[in-house]
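Structure at a glance
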Amino acid sequence: VLLAFAALVTWSFYATSSLRKESRVNDVWRPVGEDKIKSFVEYRQLYSECSMLFFGDNGQGDLMCAERLTGMNGSPGSASEDGVGGMVSAAFIHQVADPSKHLSELEKFEDDQQAKEEYASRGIYLFRTYVGAAIHVYNLGFISQEGLFRVCTEAVQDMVRLRIR
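Described in the following lines is the structure provided in the data block. (Residues numbered from 1 in each chain as written. Predicted model: local features only at pLDDT ≥ 70, side-chain atom pairs only at ≥ 80, totals over all residues. Heavy atoms only, no water.)

1. Quick word on the overall build of the protein chain
For clarity, the threshold we go by: Strands are runs of DSSP state E lasting at least 2 residues, helices are runs of H or I lasting at least 4, and numbering of each runs from the N terminus. Burial classes: relative accessible area under 20% of the type maximum marks a residue as buried, over 50% as exposed, and values in between as partly exposed (1.4 Å probe, protein chains only). The contact criterion used throughout is that any non-hydrogen atoms of two residues lie within 4.5 Å. Calculation of accessible area relied on Shrake-Rupley with a 1.4 Å probe; when residues are assessed, cover is drawn exclusively from the protein chains displayed.
Assigned secondary structure in the protein chain consists of five helices and three strands. Its helices and strands taken in sequence order, the protein chain reads α-β-α-β-α-β-α-α from the N to the C terminus. Looking at the protein chain as a whole, 28% of its 165 residues are labelled buried. Restricting to contacts in the protein chain with at least 6 residues of sequence separation, those with at least 24 account for 69%. Carbon and sulfur atoms make up 58% of the accessible area of the protein chain, which amounts to about 11,000 Å² in all.

Following this line, the structure appears as structure tokens:
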């Protein structure tokens, strides 16, 4: 019984220590995400006649920003008088950090597929490469075939430049 109690206390310490560490990380990046939301909304007001896409990563508040921005679609003031888009037409998030540690206001998901489906239903698309993102942007009709070709060509040229170094 004493051993079981010691194991429980040890597990509790590590579990809460891990949660505190995650909370501290989120506490650091939450204000950054809030600033990004504010800046995007101000920018959107300047260019209300345009459709907007949001690109970011899942490391420093961008995912939380995308969640809030896509959540504003359909809210008063999110579309211009001529009906162009909402706050954002779509958001694309580059997966650079461990998904279990990113700053999100949504519940944690059981697996990556469940997360991708939930985010896609909100107009948020996760990607690992910019070519993959460009293909998705093209499939959604936001860029032309020529635009897709240019992104892919630049990605190949970047890889060649990296190899030369």
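2. Topic: the packing of aromatic side chains
For the record, the criterion: When two rings of Phe, Tyr or Trp (its six-membered ring) have centres within 6.5 Å they constitute a pair, described as stacked for plane angles under 30 degrees, edge-to-face for angles over 60, and tilted for the intermediate range.
Taken as a whole and assessed by the stated rule, the structure comprises five aromatic pairs. Note on Phe40 and Phe54: the rings are 5.8 Å apart at their centroids and 80 degrees apart in plane angle, and the pair reads as edge-to-face. Placement of the pair is Phe40 in helix H1 (residues 2-46) and Phe54 in strand S1 (residues 53-57), with a sequence separation of 14 residues. The exposure class of Phe54 is buried, given its relative accessible area of 9%. Among the aromatic side chains, those forming a connected cluster through ring pairs are Phe55, Phe92 and Tyr125.

3. Re the side chain of Arg44
Rules: We count Lys and Arg on the positive side and Asp and Glu on the negative side, and we leave His and both chain ends out. Each salt bridge in this description consists of a side-chain nitrogen of Lys or Arg and a carboxyl oxygen of Asp or Glu lying within 4 Å of one another. Definition of a polar contact: a pair of N or O atoms within 3.5 Å, with one able to donate and the other able to accept a hydrogen when the atoms are protein atoms, and with sequence-neighbouring residues admitted only if both atoms are side-chain atoms.
Along the chain, Arg44 falls in helix H1. At 6.5 Å, Glu49 is the nearest oppositely charged side chain to Arg44, a buried residue that forms no salt bridge. In this structure the side chain of Arg44 is engaged in a polar contact, spanning 2.7 Å, whose partner is the backbone oxygen of Cys50.

4. Here's the deal with the pairing of strand S2 (residues 90-94)
Inclusion rule: Here, any two strands with at least 2 DSSP bridges between them count as paired.
Within S2, five of the five residues are buried, which leaves the element mostly enclosed by the surrounding structure. Side chains Ala90, Phe92 and His94 of S2 all project onto a buried face; the interleaved residues Ala91 and Ile93 project onto the opposite face, where all are buried too. Bridge analysis of S1 against S2 gives five bridges, and the strand direction is parallel. Bridged to Phe55 within S2 is Phe92. Relative to strand S3 (residues 124-127), S2 runs parallel, the two sharing four bridges. Bridging from a neighbouring strand, Ala91 pairs with Ile124 of S3.

5. Considerations on the sheet that holds S2
For the record, the criterion: Simply put, an axis is a line fit to the C-alpha atoms, just over the touching stretch for a helix, and the angle between two N-to-C directions goes from 0 to 180 degrees.
Overall, parallel pairing links the three strands, which are arranged S1-S2-S3 in an open sheet. Strand pairing shows two members of the sheet lacking a second neighbour, S1 and S3, which therefore form its edges. Geometrically, the sheet is characterised by an average inter-axis angle of 20 degrees between neighbouring strands, direction not taken into account. Across the sheet, helix H2 (residues 62-71) touches S1, S2 and S3, and the angle it forms with S1 is around 155 degrees.

6. Digging into H2
With eight of ten residues buried, H2 lies mostly within the body of the structure. Considered for burial, the residues of H2 that qualify are Asp62, Leu63, Met64, Cys65, Ala66, Glu67, Leu69 and Thr70.

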